[in-house]
Amino acid sequence: MTGGPVTGRRGAGPAGLLLIAAAAAWVWMVTRWGGTQAMPGTMSLGLSAFLAVWTLMMAAMMLPATTSVAALYARTMTAHRTPRMVVFTVAYLLVWAAAGLPAYALAVGLGRAASLPAAAGTAVAAAVFAVSGVYQLTPLKDRCLARCRSPIGLMLRYASYPGLSRDLRAGAHHGAFCLGCCWSLMVLLAAFGLMNLWAMVVLAAVITAEKLAPAGRLVARTVGVASIALAVAVFWVPALAPGLTGGGTTGM
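Residues numbered from 1 in each chain as written. Predicted model: local features only at pLDDT ≥ 70, side-chain atom pairs only at ≥ 80, totals over all residues. Heavy atoms only, no water.

Participant: Help me out: how do you make sense of a nonpolar patch on the surface in this one?
Facilitator: A contiguous nonpolar surface patch, about 320 Å² in accessible area, is contributed by V134, L137, V225 and I228. Among the structural elements, V134 can be located in helix α4 (residues 118–136). (Patch = residues over 30% accessible without salt bridge, like charges linked within 9 Å, V, L, I, M, F, W, Y side chains within 5 Å. Areas by Shrake-Rupley, 256 points an atom, 1.4 Å probe, with all protein chains shown as cover. Salt bridge = Lys/Arg side-chain N within 4 Å of Asp/Glu carboxyl O. Helix = DSSP H or I, 4+ residues; strand = E, 2+ residues; numbered from the N terminus.)

Participant: Looking at this model, I keep getting lost on the pattern of salt bridges. Mind explaining?
Facilitator: Opposite charge on two side chains permits them to pair, given that their charged atoms come into close proximity. This structure, assessed with the given rule, holds 3 salt bridges. Here K141 makes a salt bridge to E210, at a shortest N to O gap of 2.9 Å. Placement of K141 in helix α5 (residues 139–149) and of E210 in helix α8 (residues 197–212) is noted, with a sequence separation of 69 residues between them. In this pair, the class of K141 matches that of E210, namely buried. (Buried < 20%, exposed > 50% of the residue type's maximum accessible area, 1.4 Å probe, protein only.)

Participant: How do you make sense of the nonpolar core when you look at a structure like this?
Facilitator: The nonpolar side chains of a soluble globular protein tend to be buried with one another. Counting 70 residues, the largest nonpolar core has W96 and M186 as its most contacted members. Here this core takes 16 residues from helix α2 (residues 47–74), the largest share from any one element. Sequence-distant contacts of M186, defined by excluding residues within four places in its chain, comprise W54, M58, M61, M62, W96 and I207. (Core = buried A, V, L, I, M, F, W, Y, C linked by side-chain atoms within 4.5 Å. Contact = heavy atoms within 4.5 Å.)

Participant: Can you help me understand the packing of aromatic side chains in this one?
Facilitator: One pair of aromatic rings is described through two measures. These are the centre distance and the angle between the planes. Under the counting rule described, the total for this entry stands at 7 aromatic pairs. A ring pair is formed by Y73 and F88, whose centres lie 4.8 Å apart and whose planes are at 25 degrees; its orientation type is stacked. With Y73 in helix α2 and F88 in helix α3 (residues 81–113), this residue pair connects regions lying 15 residues apart in the sequence. On the accessibility criterion, Y73 (0% relative accessible area) is buried. The exposure class of F88 is buried, given its relative accessible area of 1%. Ring centres of Y73 and Y158 lie 6.0 Å apart, and the angle between their planes is 85 degrees; this geometry places the pair in the edge-to-face category. One end of the pair, Y73, is in helix α2; the other, Y158, is in helix α6 (residues 152–159), and 85 residues separate them in sequence. (Phe/Tyr/Trp six-rings, centres within 6.5 Å; stacked < 30°, edge-to-face > 60°.)

Written as structure tokens, this is what we have:
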């Protein structure tokens, strides 16, 4: 097992389906929210609508970085590859959909914090940047990232899952590792704006680089250091966190 990301030609078809799904999610996000000024906090959405939008966001941002694992997992299948990969992907996204519950609570809090003094928003932004940056440098982040970058050991575990639940359990298990790897980056959306499409594009690129680039671990650490630096800089330049200091979340 090597430290680099794993690919597989035979899984190119299923991996391509993930890219198509991600592209469709991006198209929906851009056509629905691009060029608009989103409302603070929950963007006036109820819980169910928020979770639907959140899940689309996660599909757009996370699926491209998951193609390597999907390709490898598809190689373990001898029949019914496409429907089984659909189950794997749905289970993976269900984990991120569940993560939308605390994200919704955070969004509600941000909506209520919009009426607080600007200094309070700046302090919250600094805390968000600091928490994200520190986690990027922890051993737990390294462990989760290692599983996402080199999941051969996980493939052996998934092969031991019995019956029809194998793909569901494998997708959920890998989704949990991805959540452990990337939640700190998603938290940054609180500072940049929950519906800030430019921030989503940049964070999606960072996530993909962390998982697929040869220097992925260096990318993770660099982002951690940069986030800690932002925690200090935001006191002098509050505009660095428009989601908390600029009157609410922003559109594209």
